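Coordinate inspection notes
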Amino acid sequence: MRIITGKYKGRPLQTVEGHTTRPTSAFNRELVFSVYQDYTDKRVLDLYAGTGYFGLEALSRGAIWVDFVEFAIPALTVILKNVQNLGCSDFCHIWRKNVFAFLRSTEEKWDVIFLDPPYNKRLLNPTLELIFDRDLLNPEGTVIAEHSPEETIADIYKDRIINFKEGKTTCFTFLQ
């Protein structure tokens, strides 16, 4: 896995060994970054961060700050190594916290919130509920949700959908 473009273009990233983390395929990463391209001066939240790829790519593309939220120790270890290897620790914070606990306690707001919860665990809509109920998205901000085709966005959020992309095993829903 490598950074696609920006100041860290081509730099390799480590991944979590085993099958506990599902990395986003190269095709799907390109898809997300072709739909939402402008990260300049944005504050980004990477929920269920895994390897930290999304947030690190956003930093490479000009984001000024990224908060990574991950609970699993193997994934946290990989995020730490990737941040160290890119030398971007001054521009991010890694939180070892349950996503729901983090969202309930934070007072921050972000321009871009990326979430990629474990598939088919019914975490997608409860995560969106906390984001929107707590007003954690800046005006004109975007939520990018990666989810399985079996999970759909709740009707209450349908009017917030601005884009939707579906692959064979992955969907991306963009909301404002």
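Here goes a summary of the coordinates provided. These figures come from a predicted structure and were not determined experimentally.

1. Thoughts on the environment of aspartate 111
Structurally, aspartate 111 is set in strand E4 (residues 110–115). Counting along the chain gives 55 residues from aspartate 111 to leucine 56, while the straight-line C-alpha distance between them is 15 Å. Here aspartate 111 is in contact with Tyr36, Asp41, Lys42, Arg43, Leu137, Asn138, Gly141 and Thr142, once residues within four sequence places are set aside.

2. As for the state of the cysteines
Summed over the entire model, instances satisfying the criterion amount to zero disulfides. Cysteine 92 takes part in no disulfide bond, and the closest cysteine sulfur to it belongs to cysteine 88, at a distance of 4.7 Å. A relative accessible area of 8% means that cysteine 92 is categorised as buried.

3. Some thoughts on the packing of aromatic side chains
As enumerated under the stated definition, the model contains nine aromatic pairs in all. Look at phenylalanine 33 and tyrosine 39: their rings are 5.5 Å apart centre to centre, the planes differ by 50°, and that puts the pair in the tilted class. With respect to burial, phenylalanine 33 and tyrosine 39 carry one shared label: buried. Taken together, a centroid distance of 6.3 Å and an interplanar angle of 80° make the contact between phenylalanine 33 and tyrosine 53 edge-to-face. With phenylalanine 33 in helix H1 (residues 26–35) and tyrosine 53 in helix H2 (residues 53–60), this residue pair connects regions lying 20 residues apart in the sequence. Residue phenylalanine 33 shares its accessibility class with tyrosine 53, and that shared class is buried. Among the aromatic residues, those joined into a cluster by ring pairs are Phe33, Tyr36, Tyr39, Tyr53, Phe54 and Phe114. The cationic tip of arginine 160 hangs over the ring face of phenylalanine 132; the distance from NZ or CZ to the ring centre is 3.9 Å.

4. Brief notes about the pattern of salt bridges
For the structure on display, the rule yields four salt bridges. Between arginine 43 and glutamate 108 there is a salt bridge, and its shortest N-O distance comes to 3.1 Å. On the criterion of sequence distance, the pair formed by arginine 43 in strand E1 (residues 43–47) and glutamate 108 in the loop between helix H4 (99–105) and E4 is long-range, its members being 65 residues apart. In this structure glutamate 108 comes out as partly exposed when scored by relative accessible area, which is 40%. Here lysine 109 makes a salt bridge to aspartate 135, at a shortest N to O gap of 2.8 Å.

5. Regarding the sheet that holds strand E2 (residues 65–70)
Spatially, E3-E2-E1-E4-E5-E7-E6 is the arrangement adopted by the seven strands of the open sheet, whose pairing is mixed. Bordering the open sheet on either side are strand E3 (92–96) and strand E6 (161–166), each of which pairs with just one other strand. Here the strands of the sheet are splayed against their neighbours by 15° on average, with no regard to which way each runs. In terms of strand pairing, strand E5 (residues 137–147) meets strand E7 (residues 171–175) through five bridges, oriented antiparallel. Bridge pairing in E7 links alanine 145 to threonine 173. Taken strand by strand, helix H3 (residues 73–86) contacts E2 and E3, and its axis lies near 170° from that of E3. Along the sheet face, helix H5 (residues 124–133) touches E1, E4, E5 and E7 and points at about 175° away from the line of E5.

6. Describing the side chain of serine 60
If you trace the backbone, serine 60 turns up in helix H2. Overall, the relative accessible area of 5% leaves serine 60 in the buried class. Polar side-chain contacts of serine 60 include one of 2.6 Å to the backbone oxygen of threonine 5. Residues within four places of serine 60 in sequence aside, it is in contact with Ile3, Thr5, Gly6, Lys7, Tyr8 and Lys9.

Parameters at a glance
- Numbering of residues starts from 1 in each chain and follows the order in which that chain's sequence is written.
- Residue-level local features of this predicted model are given only where pLDDT is at least 70; pairs of side-chain atoms are given and counted only at 80 or more, and the full residue set underlies all totals for whole chains, interfaces and linings.
- The side-chain quantities take in all heavy atoms of the structure and omit both hydrogens and water.
- Counting from the N terminus, the helices are DSSP H or I runs at least four residues long and the strands are E runs at least two residues long.
- Should any heavy atoms of two residues lie within 4.5 Å, those residues are considered in contact.
- The term disulfide is used for any two cysteine sulfur atoms that are within 2.5 Å.
- Summary of the burial criterion: residues with accessible area below 20% of their type's maximum are buried, those above 50% are exposed, and those between are partly exposed, where the area comes from a 1.4 Å probe applied to protein chains only.
- Centres within 6.5 Å are what make two rings of Phe, Tyr or Trp a pair, Trp counting through its six-membered ring; a difference in plane orientation under 30 degrees is then read as stacked, over 60 as edge-to-face, and the rest as tilted.
- Only Lys NZ and Arg CZ are tested; either one counts as a charge over a ring when it is within 6 Å of the ring centre and within 35 degrees of the ring normal.
- By definition here, a salt bridge exists when the distance from a side-chain nitrogen of Lys or Arg to a carboxyl oxygen of Asp or Glu is within 4 Å.
- By this definition, two strands are paired if DSSP reports at least two bridges between them.
- Fitted lines through C-alpha atoms give the axes, limited to the stretch in contact for helices. The angle between two N-to-C directions lies from 0 to 180 degrees.
- Whenever two N or O atoms come within 3.5 Å, that pair is a polar contact, provided that in protein one can donate a hydrogen and the other can accept it, and provided that, for residues adjacent in sequence, both atoms are side-chain atoms.

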